[in-house]
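These are the residues of each chain, in order.
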Amino acid sequence: MEVKVEKIKQELQSHGYKLTPQREATVRVLLENEEDHLSAEDVFMLVKDKAPEIGLATVYRTLELLSELHVVEKINFGDGVARYDLRTDTNKHHHHHLICVQCGAMDEIREDWLGPLEERLEKEYNFTVLDHRLDFQGICHRCKDKADKTDKTEE
């Protein structure tokens, strides 16, 4: 985790910002919850445990700054809530999501399957893709399993 905090600190410094204690607390919460898609309110509640003096506005400003610097990705899954997801060094682009319309679960696809499409866009349209995000909406395996079990007990 310390290596990641240091990288984020360097990214901030390269744009003329400091990693203040409040920003660091926010970054650490994001790193500790990398698998989750936290809202600003979620981040705030977790940061409050580490830095009780921090305010919600400070967390919002920090998340917006990290989003502008492309340290985090601000995403919306259609539920009206902005969520924040750390970008990784391993992927050129943001990862993709499988969103369950029944339970709201979000699973991630870490592989980038759109490389061939980007190459085609470059060749056929002279368009350079800088980033993309792909979200699939459907019914997750957990909801399908529940439905299958319910169907079997009703028979």
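The present account deals with the structure reproduced in this document. (Residues numbered from 1 in each chain as written. Predicted model: local features only at pLDDT ≥ 70, side-chain atom pairs only at ≥ 80, totals over all residues. Heavy atoms only, no water.)

**Observations concerning a negative patch on the surface**
For the record, the criterion: Patch members must show over 30% relative accessible area and no salt bridge, and they are joined within 9 Å when carrying like charges or within 5 Å when they are nonpolar side chains of Val, Leu, Ile, Met, Phe, Trp or Tyr. Surface accessibility in these figures is a Shrake-Rupley result with a 1.4 Å probe; residues are shielded only by whichever protein chains are displayed. Basic side-chain nitrogens of Lys or Arg form a salt bridge, by our definition, when they fall within 4 Å of a carboxyl oxygen of Asp or Glu. Charge counting follows a simple rule: Lys and Arg are positive, Asp and Glu are negative, and His as well as the terminal groups are ignored. Here the site of a charge means NZ on Lys, CZ on Arg, CG on Asp, or CD on Glu. The secondary structure listing takes helices from DSSP runs of H or I that are at least 4 residues long and strands from runs of E that are at least 2 residues long, numbered from the N terminus. Throughout this description, buried means an accessible area under 20% of the type-specific maximum (1.4 Å probe, protein chains only), exposed means over 50%, and partly exposed covers the range between.
Negative charge collects at one region of the surface, where E35, D36, E41 and D42 lie side by side. Locating D36 in the fold gives a position in the loop between α2 (21-32) and β1 (38-39). Judged by its relative accessible area of 38%, D36 falls in the partly exposed class.

**Structural notes on empty space enclosed by the protein**
Threshold: The definitions used throughout rest on a 1 Å grid laid over the protein atoms alone, on which a cavity is an enclosed set of points accommodating a 1.4 Å probe that cannot get out and a pocket is an open set flanked by protein within 12 Å on both sides along at least five of seven lines; lining residues are those having an atom within 4 Å of a point. Grid points are joined across faces, edges and corners, and a volume is the space filled by probe spheres set on the points. Polar here means any residue outside two lists: the nonpolar Ala, Val, Leu, Ile, Met, Phe, Trp, Tyr, Cys and Pro, and the charged Asp, Glu, Lys and Arg; Gly therefore counts as polar.
Under the criterion given, the structure shown has one cavity of 30 Å³ or more. Here the largest cavity is characterised by a volume of approximately 30 Å³. Along its surface, the largest cavity is lined by L30, N33, E34, D36, L38, Y84, D85 and L86. Ranked by the residues each element gives to the lining of the largest cavity, the list is headed by strand β3 (residues 82-86), at three residues. Tallied by class, the residues present in the lining of the largest cavity amount to four nonpolar, one polar and three charged.

**Brief notes about the nonpolar core**
The criterion, for reference: We define a nonpolar core as any set of buried Ala, Val, Leu, Ile, Met, Phe, Trp, Tyr and Cys residues linked to one another through side-chain atoms lying within 4.5 Å. Whether two residues are in contact is decided by their heavy atoms, any of which lying within 4.5 Å being enough.
L30, V43 and L66 are the most contacted members of the largest nonpolar core, which totals 25 residues. When contributions to this core are tallied by element, the ones reaching two or more residues are α1 (2-14), α2, α3 (40-50), α4 (56-68) and β3. Ranked by the residues each element gives to this core, the list is headed by α2, at five residues. Among residues more than four places away in sequence, those in contact with L66 are I8, L12, V27, L30, V71 and V72.

It is worth stressing that arrangement in space is one thing and function is another; only the former is reported here.
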